[in-house]
Amino acid sequence: MSSFGKIRVEGPDALAFLQRVCGKQMDVAPGRIVYTQMLNARGGIECDLTVTRLSETAYFLVVPAATVQRDLAWLRRNTGDAVVVMTDVTAGEAVMPLMGPKARAVLSACSPDDFSNDAHPFGLAREIEIGMGLARAHRVTYVGELGWEIYVSTDQAAHVFETLVEAGAAHGLTLCGLHAMDTCRLEKAFRHYGHDITDEDHVLEAGLGFAVKPDKGAFIGREAVLRKKETGLDRRLLQFRLTDPDLHLHHNEPLLRDGKIVGFLTSGGYGHALGAAVGLGYVPCTRPGEPVAEMLASHYAVEIAGQRAVVEASLKPLYDPKSLRPKCAAAPDASGPSACWRPPQTNGAGQTLPGASTSGGPYPAAPPQSPTRPEPILAALGRRGAWA
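Every chain is numbered independently, its residues counted from 1 as its sequence is written. Predicted model: local features are reported for residues with pLDDT of at least 70 only, side-chain atom pairs are reported and counted for 80 or more only, and whole-chain, interface and lining totals are derived from all residues. Side-chain numbers here rest on the full set of heavy atoms in the structure, without hydrogens or water.

Visitor: In this structure, what is going on with the overall build of the protein chain? I would like to understand it.
Guide: Counting its secondary structure elements, the protein chain contains 7 helices and 19 strands. Counting the 388 residues in the protein chain, one finds 54% classified as buried. Across the protein chain, contacts joining residues at least 24 apart in sequence account for 66% of those joining residues at least 6 apart. Residue-level accessible areas treat just the shown protein chains as cover; the underlying method is Shrake-Rupley with a 1.4 Å probe. Carbon together with sulfur atoms contributes 55% to the accessible area of the protein chain, which is approximately 16,100 Å² in total. Each helix corresponds to a stretch of at least 4 residues labelled H or I by DSSP, and each strand to a stretch of at least 2 residues labelled E; elements are numbered beginning at the N terminus. Throughout this description, buried means an accessible area under 20% of the type-specific maximum (1.4 Å probe, protein chains only), exposed means over 50%, and partly exposed covers the range between. Contacts were defined at the residue level, with two residues in contact if any of their heavy atoms lie within 4.5 Å.

Written out as structure tokens, the structure is:
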């Protein structure tokens, strides 16, 4: 994730400025991380980002790697009279996501800081010691597991990386890259800017209504959000899982509802924990505001190399739909209600997926006939499986 764009927004008007260009509440305590979108007047998504408040007058934005200059241009275009300074600091920090049920144990082995839920809850960023260096640990995830994104200055990146690898040796740490991250985010139905969401996709139809808060007050796109809530959605972004585990998805495969082509997959890849290929795609509603239950009751298929393949549809993520894993508090071998629980894998209608566990279990137990994810994963960025 070192390639992801990093923008500092600072100045006496930083809060008011970001309140206007971002859809969610920006007036949070220093250290809090906010996932949100920057919208245009039509409710389309101009940027999908996280915003971390560093101080009363400074914020840290993480944006898609391919859109840094585009996002800077959007911010500058909407600055108005705000007294703010925007700085591209992408090259100044390396980012090492440490993800998996043993991520807490690995960090604790090379840092004196407390990484418990009480000391470092989900959605918080703070400075930590790691090895002989200093870093900023953001407890967020783009893969749907317990973990931290470690932001470290480029001059200390090699040392911090070597420290993490050494500390992780006793815990089975595995290096992986962006392709592994992509397959994990697909299982969690996390959106990817440029594929699943763009400036032409309404934030509510993309299923991201939780990341915008019209009741906070005025912001760009607020009126479009309120109008869409009143008139109803014209389409929804759903997740799909192939029933045949031997077929593969890439994206752009035609998507059929009840035998008729209604769109195409915006993303696709193999879901190793789900035991089959998964994808995302928009499905038009038969009428504005069509109920979710009616949409999920339809028969869905995709066309792969001229052949139709049946898929299961879900509005909720097929993998850990309640997002319990990123917020777990206990060690992976703990038992009882505080343990990291692996819920049964079900679709949006609550039906258990073929080949998936029906009983759940303490992490890292895996569903029968379904591969498990590496634990933990250190996402070595750039080339797959290599440090870059």
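Visitor: Sorry if this is basic, but what is going on with unusual backbone geometry here?
Guide: Trans is the prevailing form of peptide bonds, just as negative phi is the prevailing case for residues other than glycine. The phi dihedral of Asn252 falls on the positive side, at around 75°, and the residue is not glycine. As for its position among the elements, Asn252 is in the loop between strand E11 (235-242) and strand E12 (254-257). For Asn252, a relative accessible area of 48% puts it in the partly exposed group. You will see that Asp320, though not glycine, has its phi angle at about 50°, which is positive. Looking at where Asp320 falls in the secondary structure, it is placed in the loop between strand E16 (307-314) and strand E17 (341-342). On the basis of relative accessible area, Asp320 is assigned to the buried category, the value being 0%.

Visitor: Can you walk me through the sheet that holds strand E4 (residues 58-63) in this structure?
Guide: Paired through backbone hydrogen bonds, the strands of a sheet run either parallel or antiparallel to each other. Reading across the sheet, the 5 strands line up as E2-E3-E4-E1-E5 and stay open at both edges, with antiparallel pairing between neighbours. In this open sheet, the two strands that pair with only one neighbour each are strand E2 (33-39) and strand E5 (85-88). Adjacent strand axes in the sheet meet at a mean angle of 30°, parallel and antiparallel pairs treated alike. For two strands to be treated as a pair, DSSP must find at least two bridges joining them. Relative to E4, strand E3 (residues 45-55) runs antiparallel, the two sharing 5 bridges. Its bridge partner lying in E4, Thr50 is registered against Val62. To obtain an axis, a line is fitted to C-alpha atoms, over the contacting stretch when the element is a helix, and the angle between two such axes runs from 0 to 180 degrees between their N-to-C directions. Sitting on the sheet, helix H2 (residues 68-77) touches strand E1 (5-10), E2, E3, E4 and E5, and the angle it makes with E5 is about 175°.

Visitor: Looking at this structure, I do not really get the pattern of salt bridges. What am I missing?
Guide: Oppositely charged side chains can form a pair if their charged atoms are brought close together. Salt bridges are defined as contacts in which a side-chain nitrogen from Lys or Arg sits within 4 Å of a carboxyl oxygen from Asp or Glu. Throughout the structure, instances matching the rule amount to 16 salt bridges. For Glu205, the salt bridge is made with Lys228, and the minimal N-O distance between the two is 3.1 Å. Taken together, the residues Glu205 in the loop between helix H5 (178-187) and helix H6 (222-231) and Lys228 in helix H6 connect sequence positions 23 residues apart. The exposure classification of Glu205 matches that of Lys228, with both residues buried. Residues joined by salt bridges that share partners form a network here, namely Asp201, Glu205, Lys228, Asp234 and Arg235.

Visitor: I keep staring at the sheet that holds E12 and nothing clicks. Help me out?
Guide: Read once around its circumference, the closed barrel built from 6 strands follows the order E11-E14-E13-E12-E15-E16, with strand pairing classed as antiparallel. For this sheet, the mean inter-axis angle between neighbouring strands, taken without regard to orientation, is 40°. Where E11 lies against strand E14 (residues 276-284), 7 bridges are found, and the strand directions are antiparallel. Paired with Gln239 across the bridge in E14 is Leu280. Sitting on the sheet, H5 is in contact with E11, strand E13 (260-271) and E14, with an inclination near 130° to E13.

Visitor: Help me understand the pairing of E1, please; the structure alone is not making it clear to me.
Guide: Within a regular strand, the side chains alternate between the two sheet faces. Bridge count between E1 and E4: 6 bridges; the pairing is antiparallel. Pairing of Lys6 across the sheet is with Val62, part of E4. Relative to E5, E1 is paired through 4 bridges, and the arrangement is antiparallel. Bridge pairing in E5 places Glu10 opposite Val85.

Visitor: How do you make sense of the packing of aromatic side chains when you look at a structure like this?
Guide: Only rings of Phe, Tyr and Trp enter the pairing, Trp through its six-membered ring, and a pair is recorded when the two centres are within 6.5 Å. The plane angle decides the type: under 30 degrees is stacked, over 60 is edge-to-face, the rest tilted. Per the counting criterion, the structure on display carries 5 aromatic pairs. Where Phe60 meets Tyr151, the ring centres are 5.6 Å apart and the plane angle is 90°; that geometry is what we call edge-to-face. Note that Phe60 is positioned in strand E4 and Tyr151 in strand E9 (residues 147-153), a separation of 91 residues in sequence. For Phe60, a relative accessible area of 2% puts it in the buried group. Residue classification places Tyr151 among the buried positions, given a relative accessible area of 2%. Charge-over-ring contacts are defined here by two conditions on Lys NZ or Arg CZ: a distance within 6 Å of the ring centre and an angle within 35 degrees of the ring normal. A cation sits over an aromatic face here: Arg235 above Tyr282, 3.8 Å from the ring centre.

Visitor: Would you mind going over the state of the cysteines with me for this structure?
Guide: Think of a disulfide as a covalent bridge from one cysteine sulfur atom to another cysteine sulfur atom. The term disulfide is used for any two cysteine sulfur atoms that are within 2.5 Å. Enumeration according to the criterion identifies 0 disulfides in this entry. Cys47 forms no disulfide, and the closest cysteine sulfur to it belongs to Cys22, at a distance of 7.8 Å. Looking at Cys47, the relative accessible area reads 1%, which means it is buried.

Visitor: Looking at this structure, how should I read the side chain of Glu149?
Guide: Here Glu149 shows up in strand E9. Here a polar contact is taken to be a pair of N or O atoms separated by no more than 3.5 Å, where protein atoms must pair a possible hydrogen donor with a possible acceptor and residues adjacent in sequence count only if both atoms sit in side chains. Separated by 3.1 Å, the side chains of Glu149 and Tyr151 make a polar contact. Look past the residues within four positions of Glu149 in its chain and what remains in contact with it is Met1, Val95, Met96, Pro97, Met99, Arg136, Ala137, His138 and Val140.

Visitor: Help me understand the pairing of E13, please; the structure alone is not making it clear to me.
Guide: The sheet contact formed by E12 and E13 spans 4 bridges and is antiparallel. Pairing of Leu256 across the sheet is with Ile261, part of E13. Where E12 folds back on E13, the antiparallel hairpin that results is connected by 2 residues, among which Asp258 adopts a positive phi of roughly 50°. Here E13 runs beside E14; their pairing, made up of 6 bridges, is antiparallel. Each residue of the ladder has a partner; that of Gly268, found in E14, is Gly279.

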